[in-house]
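Working through the structure, step by step
Residues per chain, in single letters:
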Amino acid sequence: MTSSPDPISELADPSRQSRRIWAVVSVVGVLLLAFLVVLGSRFGSDPSLVKSPLIGKPVPDLTLPLLEGDGEVSLRQKRGTILVINFWASWCTACRDEHPDLMATAAAYADRGVEFLGIVYQDDPQAAIAFLDELGRGYPSVLDPGSLAAIEFGVFGVPETFFIDADGIIAGKITGQSNAFILASTLDTLLAGGRPGSQTVGTVQSSPDS
Amino acid sequence: MSDPLVDTEPAPDAPRPTGKVVVILLAAAVAVVAIGLITAPPRPEDRTKIIAAQLRCPVCQSESVLDSPSDTARQMRELIASQVAEGRTDQEIIDYFVARYGTWILLDPPASPRTIPLLVAPAVILLLGLWLIRGRLRPRRRRPAVPPS
Amino acid sequence: MIALIGKAGVFLGVLASLEMIRRGIVGFRRPERASRAYLGGATAALVVGAVVAMGALQAALLGNDFSIRYIAENHSRSTPFPFNVATAWAALEGSIVLWGLVLAGYAWSVVRRHRDGDDVGAGATAVIGVVALFFFGVMATVADPFQILDVVPPDGPGPNPLLQNHIMMAIHPPLLYLGFVGFTVPFAFAIASLAKGEPGSRWLERTRTWSLVAWSFLGLGIVIGGWWSYEVLGWGGFWAWDPVENASFIPWLTATAFIHSAVVETRRGVLRSWNYVLVILTFAFTIFGTFLTRSGVIGSVHAFSQSAIGPVLLGFFAVILFASLTLIAFRAPVVSSPSRLDSFVSREGAFLLNNLILSILAAVVLLGTTYPMIVEAISGEQISVGRPFFDRYAIPLCYLLLASMGVGTVAPYRKARPIVLWDRIRGSLVVAALAGAILVVTGIRVGHVVAIVALAILVVGPAAERLWRQASAFMAARGEGRGRSLLRVVRRDPRFWGGQVAHLGVAILAVGVALYGNLSNEAMIELRPGETGSVLGYEVTYLESFQRPEPNRLVTGARVAVSRDGDLVAVMEPRLNQYPNFQQAIGTPAVNISFARDIYMTIRRLDPESVILDVQTHPIMYLVWIGGIMMAAGGFASFVIRKPERDDLDEAVRDHVGSPG
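Residues numbered from 1 in each chain as written. Chains lettered and ligands numbered in written order. Predicted model: local features only at pLDDT ≥ 70, side-chain atom pairs only at ≥ 80, totals over all residues. Heavy atoms only, no water.

A short note on the overall build of chain C
Heads up, the rule is: Going along the chain from the N terminus, every DSSP run of H or I of four or more residues is numbered as a helix, and every run of E of two or more is numbered as a strand. Put simply, the radius of gyration uses C-alpha atoms, and a globule should come to 2.2 Å times the residue count raised to 0.38. By the convention used here, residues are in contact when the closest approach between their heavy atoms is within 4.5 Å. Note on areas: Shrake-Rupley, 1.4 Å probe, and residue coverage restricted to the protein chains presented here. His is not counted, nor are the chain ends, whereas Lys and Arg count as positive and Asp and Glu as negative. By convention, the charge on Lys lies at NZ, on Arg at CZ, on Asp at CG and on Glu at CD.
From N to C terminus, chain C includes 21 helices and 10 strands. By the compact-globule yardstick of 26 Å for 661 residues, chain C fits well, its C-alpha radius of gyration being 27 Å. A separation threshold of at least 6 residues defines the contact pool for chain C, and within that pool the share at least 24 residues apart is 72%. Per element, the accessible surface of chain C, about 24200 Å² overall, is 63% carbon and sulfur. Across chain C, the 53 positively charged side chains and the 45 negatively charged ones have centroids separated by 11 Å.

What about the sheet that holds strand β8 (residues 590–593) of chain C?
Two orientations exist for strands paired in a sheet by backbone hydrogen bonds: parallel and antiparallel. Residue and element names in this part refer to chain C. Going by this rule: Note on pairing: two strands pair once DSSP finds at least 2 bridges between them. Axes here mean lines fitted to C-alpha atoms, for a helix over just the part in contact, with angles spanning 0 to 180 degrees between N-to-C directions.
One open sheet accounts for 4 strands, arranged β1-β10-β9-β8; its pairing is antiparallel. What marks the edges here is a single partner per strand, and that holds for β1 (521–527) and β8. Looking at each pair of strands side by side, their axes are set apart by 20 degrees on average, direction ignored.

A few points about the nonpolar core
How we decide: What makes a nonpolar core is a set of buried Ala, Val, Leu, Ile, Met, Phe, Trp, Tyr and Cys residues whose side-chain atoms join them at distances within 4.5 Å. Partly exposed residues are those whose accessible area sits between 20% and 50% of the maximum for their type, while under 20% is buried and over 50% is exposed, using a 1.4 Å probe and protein chains only.
Counting 193 residues, the largest nonpolar core has F135, I287, F288 and F317 of chain C as the members making the most contacts within it. Non-local contacts of F288 of chain C, meaning those with residues more than four positions away in its chain, are made with F35 and L39 of chain A together with F317, L366 and T370 of chain C. W88, Y121 and V155 of chain A together with C57 of chain B belong to the second largest nonpolar core, which has 56 residues in total.

Here we look at the sheet that holds strand β3 (residues 82–88) of chain A
Residues and elements named next belong to chain A. Read from one edge to the other, the open sheet built from 6 strands follows the order β5-β4-β3-β6-β7-β8, with strand pairing classed as mixed. The sheet terminates laterally at β5 (141–142) and β8 (197–200), the two strands that pair on one side only. Of the strand pairs in this sheet, strand β6 (residues 160–164) and strand β7 (residues 170–175) are connected by 5 bridges, and their pairing is antiparallel. Note that in β7 the partner of I164 across the bridge is I170.

Considering the packing of aromatic side chains
Residues and elements named next belong to chain C. Going by this rule: Paired rings are identified among Phe, Tyr and Trp, the last through its six-membered ring, by centres lying within 6.5 Å, and are further divided according to the angle between planes into stacked (under 30 degrees), edge-to-face (over 60) and tilted (the rest).
The final tally for this structure, using the stated rule, is 41 aromatic pairs over all chains. Both rings, one in F238 and one in W625, keep their centres 5.7 Å apart while their planes meet at 80 degrees; by these two values the pair is edge-to-face. Highlighted residues: F238 in the loop between α9 (202–232) and α10 (243–268) and W625 in helix α20 (residues 622–640), separated in sequence by 387 residues. Of the two residues, F238 and W625, both sit in the buried class. Consider the rings of W241 and F390, whose centres lie 4.9 Å apart with planes at 15 degrees: the pair is stacked. Residue W241 is found in the loop between α9 and α10, and its partner F390 is found in helix α15 (residues 387–409); the two are separated by 149 residues along the sequence. Given the relative accessible area of 8%, W241 is considered buried. Residue classification places F390 among the buried positions, given a relative accessible area of 2%.

Quick look at the packing of helix α7 (residues 168–182) of chain C against helix α8 (residues 184–196) of chain C
All names here are of chain C. Under the convention used in this document: The cut-offs work like this: below 35 degrees is roughly parallel, past 145 is roughly antiparallel, 65 to 115 is roughly perpendicular, and the gaps in between are oblique.
Here α7 crosses α8 at 5 degrees, and the two axes come no closer than 5 Å. One element, α7, and the other, α8, form an angle in the roughly parallel class. Contacts from F180, V181 and G182 in α7 reach T184, V185 and P186 in α8.

Regarding a positive patch on the surface
Residue and element names in this part refer to chain C. Cut-off, in case you're wondering: Note that patches include only residues with greater than 30% relative accessible area and no salt bridge, and the join distances are 9 Å for like charges and 5 Å for nonpolar side chains (Val, Leu, Ile, Met, Phe, Trp, Tyr). Put simply, a salt bridge is a Lys or Arg side-chain nitrogen that is within 4 Å of an Asp or Glu carboxyl oxygen.
A cluster of basic side chains, namely R36, R112, R113, R115, R202 and R642, defines a positive patch on the protein surface. If you trace the backbone, R36 turns up in helix α2 (residues 36–62). Overall, the relative accessible area of 42% leaves R36 in the partly exposed class.

Regarding the domain arrangement of chain A
Our working rule: These domain limits were set by an automatic method or by a database of domain assignments.
With domains assigned, chain A is organised as domain 1 (1–45) and domain 2 (63–200). Put simply, the middle of domain 1 of chain A and the middle of domain 2 of chain A, counted by C-alpha atoms, are 57 Å apart.

Examining the interface of chain B and chain C
Heads up, the rule is: Here the buried area means the combined drop in accessible surface, using a 1.4 Å probe, for two parts upon being joined, counting both sides.
Residue-level contacts link 59 residues of chain B with 75 residues of chain C. Counting each side, the surface lost to burial between chain B and chain C is near 6300 Å², with a carbon and sulfur contribution of 60%. Applying the counting criterion to the chain B and chain C interface returns 2 salt bridges. R114 of chain B serves as the salt-bridge partner of E381 of chain C, at 2.1 Å between the closest nitrogen and oxygen. Contributions of two or more residues to the side of chain B that touches chain C are made by α1 (4–8), α2 (20–38), α4 (71–86) and α6 (116–136) of chain B.

Considering unusual backbone geometry
Across the junction of V158 of chain A and P159 of chain A, the peptide omega takes the value 0 degrees, indicating a cis bond. You can see P159 of chain A is positioned in the loop between α4 (148–152) and β6. Residues F81 of chain C and P82 of chain C are joined by a peptide bond in cis, for which omega reads 0 degrees. Looking at the secondary structure, you find P82 of chain C in the loop between α3 (69–74) and α4 (83–86). Of note, the phi angle at L536 of chain C is positive, near 55 degrees, even though the residue is not glycine. On the accessibility criterion, L536 of chain C (27% relative accessible area) is partly exposed. Of note in the backbone geometry, D565 of chain C takes a positive phi value of approximately 50 degrees without being a glycine. Tracing the backbone shows D565 of chain C in the loop between β4 (553–564) and β5 (567–572).

Section: the pairing of β3 of chain A
Residues and elements named next belong to chain A. Under the convention used in this document: Throughout, right-handed denotes a crossover for which the path from the first strand over the helix to the second runs clockwise when the strands point away from the viewer.
For β3, a buried count of 7 out of 7 residues is recorded, marking the element as mostly surrounded by other parts of the structure. Where β3 lies against strand β4 (residues 114–120), 7 bridges are found, and the strand directions are parallel. Within β4, the residue paired with V84 across the bridge is F116. Handedness of the crossover is the feature at issue here: the chain leaves β3, passes through helix α2 (residues 93–109), returns alongside β4, and the resulting connection is right-handed.

Some details on the state of the cysteines
All names here are of chain A. This is how the line gets drawn: Disulfides are defined in this document as cysteine sulfur pairs within 2.5 Å.
A full pass over the atoms with the stated rule returns 1 disulfide over all chains. Disulfide pairing places C92 opposite C95 at an S-S distance of 2.2 Å. As the torsion about the S-S bond is roughly 90 degrees, the C92-C95 disulfide counts as right-handed. Accessibility assignment for this pair places C92 and C95 in one class, buried.

Structural notes on α7 of chain C
All names here are of chain C. Keep this limit in mind: Here, expected helix span is obtained from the residue count minus one, scaled by 1.5 Å.
Compared with the 21 Å implied by 1.5 Å per residue over 15 residues, the 21 Å span of α7 between its first and last C-alpha is a close match. Counting buried positions over the 15 residues of α7 gives 12, a clear majority of the element. Buried within α7 are the following residues: M168, M169, A170, H172, P173, L175, L176, Y177, G179, F180, V181 and G182. Along its buried surface, α7 packs onto α4, α5 (92–112), α8, α9, α10 and α11 (272–295).

Some points on the packing of α11 of chain C against helix α12 (residues 309–330) of chain C
Residues and elements named next belong to chain C. For clarity, the cut-off: Side-chain classes are defined by residue name, with Ala, Val, Leu, Ile, Met, Phe, Trp, Tyr, Cys and Pro counting as nonpolar, Asp, Glu, Lys and Arg as charged, and the others, Gly among them, as polar.
Here α11 crosses α12 at 170 degrees, and the two axes come no closer than 8 Å. Between α11 and α12, the angle is such that the two are roughly antiparallel. For the pair α11 and α12, contact is made by Y276, V277, I280, L281, F283, A284, I287, F288, T290, F291, R294 and S295 and by I309, G310, L313, L314, F316, F317, I320, L321, S324 and I328, respectively. Counted by class, the contact of α11 with α12 contains 17 nonpolar, 4 polar and 1 charged residues.

Structural notes on the pattern of salt bridges
All names here are of chain C. Applying the stated rule across the entire model yields 33 salt bridges over all chains. A salt bridge links D342 to R414; its shortest N-O distance comes to 3.1 Å. Remark: R414 occurs in the loop between α15 and α16 (418–441) and D342 occurs in the loop between α13 (332–335) and α14 (347–379); sequence separation between them is 72 residues. Assessed through its relative accessible area of 35%, R414 is described here as partly exposed. Overlapping salt bridges bring together R268, D342, E348 and R414 as one network.

Concerning the side chain of S346 of chain C
All names here are of chain C. Which entries qualify depends on this criterion: For the purposes of these results, a polar contact is taken to be a pair of N or O atoms within 3.5 Å, where, inside protein, one atom must be able to donate a hydrogen and its partner to accept one; residues adjacent in sequence count only when each atom of the pair is a side-chain atom.
Turning to its location among the elements, S346 is positioned in the loop between α13 and α14. The class for S346 is buried, based on a relative accessible area of 4%. A polar side-chain atom of S346 sits 2.9 Å from the main-chain carbonyl oxygen of S343. With sequence-adjacent residues up to four places away left out, S346 is seen in contact with A411, P412, Y413, R414, K415 and A416.

Right, dumping it as structure tokens:
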């Protein structure tokens, strides 16, 4: 049943209506344009990479068991030295690629008061030891039972590398695969008393099959 | 397309009177429901689950820490549970994670100048919709288009 | 060889769509040229191209042709049937081929119904040609499924293990695409109608069936996706407000609004511009959803890997919206309806309320999904918007929607006097209140559960009452049996009653979701082999672990006996599937379904000494699946059931029932 329009209550003004429609369309068009620009700007960025709020905060007070041998390492004990903490796992391809650079940098800066420490992230200890057998050892690594250290450092995946200055403050972070150049430049900044901040070099792997 | 069966039965000018039984039954049932719900014992809340449901899993990023099967989420749940046992408040535990992962880890965005548009938008759209609907309805008082001569 | 055939098919598709555009425009401008044969020729070529492309892809898969890059990256010799067939749409390039095939099918169904001289129909064919040109163009350039490799690998990694775990994952994309792509048809007719400046609602009535088909398939696809998530992913849930899930939900919401507001336009001649907007938005959001899934701008477990197709899809989305908006603006005088509605308290008002609620929900979901991107683009800050945000709006809106479904379905048109409304719903109100009372008395004193059950009865009751009364009228007038009379009532208005079946589905789904969200339980237990423990009122015994090699994976699991009060309930086998090319094992839950509850069991850790099991119970879980499927079934029923020819029986019944009001 269709109704016939009642002439009395009809809003008989098509030009007003059409002006209104034009106005609405224009507003929507502008909003749409802004929306598209925003979306377009997101191309090329990885939505899974998140910036760290820990820069400038003191290093967590943790003591972790060594991967090989008995004994523990305390993160706070390293006052006076610069500490580089690298989260890694045997199943992480980028960790394999960056490992030689880490070892080389550790050796190069060893006499300048810089220490390196590896933290094994959600891995089988035997697999981790096999990784070091294959790629070499340049500095000690510790295990992270319960992933407490990973949570304390806000780790999303591996590899992530943190820089602790001589006062025990987290001064820098590299997300993704590092290399000798970026490690050296970060350490140089630190040794000169600066704060390198957060840098994203690549993506991190959060689980073995990703 | 007029269809008497669809539109009118029973004929709207002759609806059946409401029996007293119906009214009493309805009132009684509603009363039972109201009393039953108001006096219901409070359900034991698992604070760990409530907190974990508000945090986003850093690994399985579309799931909450409560739902995610990943190792990281499991360990975060254990950490939350131990902090609850230590006596920390919900807000303290949430702040602990935010301090380490940033506001990204909150599944419900906090109210801040940047999230105001998001929180206000639904109300704005509701008002806009109501205004548009009003425009489609016949005006209450009829304004004659042609003045009577 | 196969790759060449495939490329030829794609190329034919491109040419055919160009020809469809050309012929469609010619037929639009000069209706005397718009014959079915004229338009059908180009459309047939499109179908051939699409079939050849998909055929070539399937031949390459089933023939293990690893010289083609898509096969080498996504297929493996050991992938069993039917997952090797489904690999055709498991990854990006293949999914576009499927889209093209479904689009060609719909284009064919449009041209089959074409009547000679129909200019709007020709215009619609042209619009479909534009969309087809886009997708086949993408297939020919950015997302070429038939790229050839220089070095042919002997085997490939196979599809993602999550896509091989369950048969439902194979049918989920085709169902979704039958939904998404279907909306191209009403969109095409809307654009052609606008371009012509056609007054009235002809385009709406012509495309009603397609809209219902697309809506039903889309809903079914979404439900199947949720069911798969429950059966496979192991977290025990079926909806995570994940960005890709949301991307498919938004067009479904606007499509649901469209189906309802279309009824208002057909009956009362209002909301014409709104319906144009809704159908354009629905189609645009199907493209937007495709963009979100494939562009890499949003992180999601569903997302395809990043590729160059992102900017292209975004561009197409922009073009569609800008062009459609401009067209609406130019045709504003034709599009605006002079009529007005009498009262908000009426059947039309209920439809308007439905549209308002669904539009708000669609806007909330869209905003919530895209807001993190917007904030990060503008300020660099990273936030998340997840379940707590979406539930906060979805839950109250659903309550409101259920209430309006109950009352609105039986509200008279034009103006509903309260006394009439009361008369029609009071029976259901009493039953609803009594049901609530029964729940409370039997110990279920959770507000949400009681409220949703009561609302569900309110949704179903008044319509059921109407069905009964009308059937009784037929029985009295004709002397037929109850069954025949009921059928007769339904067949007189299949759209209304199909809709009521869908509403019944919504009610059942709502109850299922309320039960799931409020009365589920979860607990973990660690058992050594042979040990029995107690969890959630059941005794569970860890019998043994097992290992079972299969062609494409190694299955490890735990055999667990579940008993209650000494009686064996089930032997459940939660499993871990280890695929050769993926390091982490994929867990498969064991689900035991019964009338009262699902028992849902997953392995948290399995080693030689013990197993850690996660056990959940979900009351009457199948209500969710039945409700969802019934929604789609109602949609299908509304166009499948045929109206009978009017006979003089209706005269007799009309006399019996009384005069129209």
